[in-house]
Each structure stands twice: as C-alpha cells, then as structure tokens.
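Listed below, chain by chain, are the residues.
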Amino acid sequence: MQSFLSYHAHYILRGLGLAAIIFILSFARPYAQTSLPSVVSLNVCADPYLMSFAAAKQILALAPQSLDPSLSPFSDSAAQFPSSNGGIEDLMLLQPDLVILSPYTSANKRNLIEATGIPTITIDAANRYTDARDDILILGEAIGRAPQAQQYLRELDRSLKNARQDKLKQVSLLALQRRGMTVGKGHVLDDIMQLSGAINLGRQGNMAMSQLGLEAILEKQPDFILLSGIAHAARDRGSEILVHPSLRKQFSNKKIITLDAALTLCAGASTPRAVSQLRRAIADKTNLIEHHPTPDHVQP
C-alpha cells in the first residue's frame, strides 16, 4: 500500500484518532500490494477516464452527476456502473482503496472522507486540454493502469487531431452567457474555441470571464454568437439580454451557434467531441450564410 500512496503528492491520506472510525475500519478488507486498487469516484470529469482505462472490477462507484446527460456526454456509458454520492455510510460499505475527489468537493465532505483514513486523490476539472493530459497520466499511475492510460491518451490525441484535420474558414466568436457574461483566456470554452481555430473576441487580458453590456457586445461585431446549452429565449431577468431586439437584429439565428453544454464542463475526454461539434457548426453556418445570404434582421 505504501508504494501506491507514495506517487507524488496527489494522494491525501490522513489518519484518525477517533476510536469509532478505527473500529469501523478494522472490518475493512486489507489492500494487497499486488492487486489493483478499487475506486469510488466523486469527480464527473474523471469518470470518463475510469470508464476508458480502469479495469471494470476496479470501479466500485462513479459520481452521480455522470448519469446526467446535461452534465456528462458519457452518461450512457456511466449507466452501466453503480454510482454513489460519497456518503460515509456508502464508503464504509464499499471499502474503496481510493476515492477520487474534485476541486469542488465540499470541505466538509473532504474532511469526513479523509478522517476515515481512506486515501484520496484530487483530479482537477481542467480548463485546458493540455492540463487534462497530465491528469490522465496521473490518474493512470494512481490506479495502477499507467500503460492503459497512455494508450487512451494517444487515442484521445488522435481523435482531436482528426476533428481538426479539415480546412475551416477562420471566424470570430463571442461566447455569451447569462447577464452578458463572456469567456476569456483560461476558460474551458475558450480552449475549445482556440483548438477549433476560431478567434475568441471575449478575451480581455488574462480574465477567464468578464461581463459585457449590450453596446459592447454589438461593437465587437463577431461573425457568430456562441451559446452553450442556452435556449434562445428569455426565461428570467438574467437571460433577457440574449433575446434583446437589438441583438436579434444584428444576429439572426443564422449567426448563432449553440454548443452542447455538457461538452464544456471540463476539458479532456469531451474535448475532441466539442471541437468536432463546434467546427461542424461553423462550417454549416458559414455555408448557409455564403450560399443563402439574407438581411440580418430577417428571421429564418
């Protein structure tokens, strides 16, 4: 077990002096150094990696969010595995050798899990594909599947390369969210735009997000407005700007691209799909405008 826990500083193992927890853990099965560690994941970004290169017997439970198609494009695959919310009762029953946390795991839950003495590793919700590549290799080492993780990464790189191989006219995009928020350098959606070969007009210095007023949005004059999983209708005050008459006049539906929001949760496993989807949408919209020009204020 020591060799398993010693990989860099990504394991977070803390003992507990509470007699009650020690008593419970005394019934836990011992971890054999020659076996593969069993895993419970509370990280929706790490789950596609586990499903791709972990041995099936290693996966005791995935994060419940992985079953939600609005949060994970791999929900169909995740449905084949059990899930857990990571409650202490579940962990005591499952007796994992490792729990995968995310940066957004609450401090209370993190402390409770670490108090049991169960080893944990935190895998980042990467905003850049290059960072996700490192996470994949780290996780592969942690679960004793380094060669399989390396092979998976080669296949993922190849998928991304294939998604970008066709020539595409370079266009400018402005990603809009509620209340006029847009994304810049360091945001996962910016990474997808850059990998797609598009120009992100939302970049302002090193800010990952910034807020634009209606006038500033119109002044930027992007080729297309990019929405991620947002219905083009006002559901509340926060989404009113997305259907403002001035915005709709300048950007008809032909100049609006929608990207599946589940593809923008974190960089990594979904990046090739996101790049492919965005590039297809750009190609389709560009051809539509070039071959069937209509005034911007006319609704198709």
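Located above this text is the structure these notes cover.
In this report, the structure presented in the accompanying data block is examined.

The rules behind the values
Residues numbered from 1 in each chain as written. Predicted model: local features only at pLDDT ≥ 70, side-chain atom pairs only at ≥ 80, totals over all residues. Heavy atoms only, no water. Buried < 20%, exposed > 50% of the residue type's maximum accessible area, 1.4 Å probe, protein only. Helix = DSSP H or I, 4+ residues; strand = E, 2+ residues; numbered from the N terminus. Pairing = 2+ DSSP bridges. Disulfide = S-S within 2.5 Å.

Of the two faces of strand β6 (residues 172–175), both are covered, the one formed by Ser172 and Leu174 as well as the one formed by Leu173 and Ala175. Pairing analysis gives two bridges linking β6 to strand β8 (residues 199–200), with the strands arranged parallel. Its bridge partner being in β8, serine 172 is matched across the sheet by isoleucine 199. As paired strands, β6 and strand β10 (residues 224–228) are joined by three bridges and run parallel to one another.

This model, assessed by the stated rule, comprises one disulfide. With its sulfur 2.2 Å from that of its partner, cysteine 45 forms a disulfide with cysteine 266. Note on the cysteine 45 and cysteine 266 pair: the S-S dihedral is about -115°, so by sign convention the disulfide is left-handed. Placement of cysteine 45 in the loop between β2 (39–41) and α3 (47–53) and of cysteine 266 in the loop between β11 (256–259) and α12 (271–291) is noted, with a sequence separation of 221 residues between them. Across the pair, cysteine 266 and cysteine 45 agree in class, each one buried.

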